[in-house]
Amino acid sequence: MDPTPTREGQLREAYVPNRRVRVASDVASLAAALLLVGLLGAAFTWWGRSALFDLASNSREAVKIGTGFLVGPALILILLPLVFGRSRQLALARYFRARVAIVALLWAAGLWALAARLATLDSSYSAEAGAYVSAGLLLVGLISTLAMWPRGLRMVQVNRKGTVPDTTAASARRERSPTGP
């Protein structure tokens, strides 16, 4: 038995993200971060009224964003495969599709939770800007996450350092250097 690991065992599959995936990753991350900012704004205005951070209100009270909006965007930011707009960046293929699917389900669950929260209010409540902003961010996050699906992305093999080994340079015949042997 050979004690050295094989070359195939050292390589992992990775996607080469295109512009669509990089922009979609940035937009989904921004939407999740803005939802977290909205939750912080709701916390700072908890005992007062603020149309930007209230979901709905009537003459007696205002309905704020619930604490579930803290868990959801935080999970989204943790699970979202971040793909930054740097050149030569790769996204490991292992669990990429599963992570995108789970994040899309979290966005859809957020939309459902928001709709359920607003549906339980009686007719004396009127929707505030926070409801529209939250719904818009959830919808934009869902669409951008679905745009990250790796359809049409080129697949490459990378080593443990995250670089693509250049097999053509290793197998090509070395030329003699003009400065020495």
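Residue numbering note: each chain is counted from 1, following its sequence as written. Since the coordinates come from a predicted model, pLDDT governs what is reported: local features require at least 70, and pairs of side-chain atoms require 80 or more to be given and counted, while whole-chain, interface and lining totals use all residues. As a convention, hydrogens and water are excluded, and side-chain values are obtained from all of the structure's heavy atoms.

Counting from the N terminus, the helices are DSSP H or I runs at least four residues long and the strands are E runs at least two residues long. Counting its secondary structure elements, the protein chain contains 6 helices and 6 strands. Burial statistics for the protein chain: of 181 residues in total, 33% are counted as buried. For the area figures, the Shrake-Rupley method with a 1.4 Å probe applies, and any residue is considered shielded solely by the protein chains shown. When the accessible surface of the protein chain is split by element, carbon and sulfur atoms take 63% of a total near 11,900 Å². With a 1.4 Å probe rolled over the protein chains alone, any residue whose accessible area is under 20% of its type maximum counts as buried; one over 50% counts as exposed, and the rest are partly exposed.

Within the secondary structure, Ser 134 is located in helix α5 (residues 129-147). Within 3.5 Å is the distance limit for a polar contact, defined as a pair of N or O atoms, with the added protein rule that one can donate a hydrogen and the other accept it, and that residues adjacent in sequence qualify only through two side-chain atoms. Here the side chain of Ser 134 touches Gly 130 through a polar contact of 2.8 Å, landing on its backbone oxygen.

Only strands joined by at least two bridges in the DSSP assignment are considered to pair. With respect to topology, 3 strands assemble into an open sheet ordered β3-β2-β5, the strand pairing being antiparallel. The sheet is open, and its two edges are formed by β3 (62-64) and β5 (126-127), each paired on a single side. Two elements, strand β2 (residues 54-57) and β5, share 2 bridges in a ladder whose sense is antiparallel. If you follow Ala 56 over to β5, its bridge partner there is Ala 127. What makes two residues a contact is simply this: any of their non-hydrogen atoms within 4.5 Å. A fitted line through C-alpha atoms represents every axis, and for helices the fit uses only the stretch in contact; the resulting angles, taken between N-to-C directions, go from 0 to 180 degrees. Sitting on the sheet, α5 is in contact with β2 and β5, with an inclination near 140° to β2.

This part takes up the sheet that holds strand β6 (residues 154-158). Taken in spatial order, the 3 strands line up as β4-β1-β6 in an open sheet, and their pairing is antiparallel. In this open sheet, the two strands that pair with only one neighbour each are β4 (91-92) and β6. In terms of strand pairing, strand β1 (residues 12-16) meets β6 through 5 bridges, oriented antiparallel. Note that in β6 the partner of Glu 13 across the bridge is Gln 157.

What follows concerns the nonpolar core. Nonpolar side chains in soluble globular proteins tend to be buried together. In this text, buried Ala, Val, Leu, Ile, Met, Phe, Trp, Tyr and Cys residues form a nonpolar core when linked through side-chain atoms within 4.5 Å. Of all hydrophobic cores here, the largest spans 30 residues; its most connected members are Leu 55, Phe 96, Trp 107, Leu 138 and Met 148. Where this core is concerned, the elements lending two or more residues are α2 (19-44), β2, α3 (68-79), α4 (96-119) and α5. It is α2 that contributes the most residues to this core, 7 residues altogether. In this view, Trp 107 contacts Ala 28, Ala 31, Ala 32, Leu 35, Ile 76, Leu 137, Leu 138, Gly 141, Leu 142 and Thr 145; residues no more than four positions away in its chain are not counted.

All right, on to the confidence of the model for the protein chain then. Per-residue pLDDT for the protein chain has a mean of 77; in total, 72% of the residues score no lower than 70. When pLDDT is averaged over each element of the protein chain, α5 comes out on top at 92 and helix α6 (residues 167-171) at the bottom at 45. Here residues 168-174 is modelled with pLDDT under 50, and outside its nearest four sequence neighbours on either side it reaches 0 contacts, counting other chains as well. A score between 0 and 100, pLDDT records how confident the predictor is in each residue.

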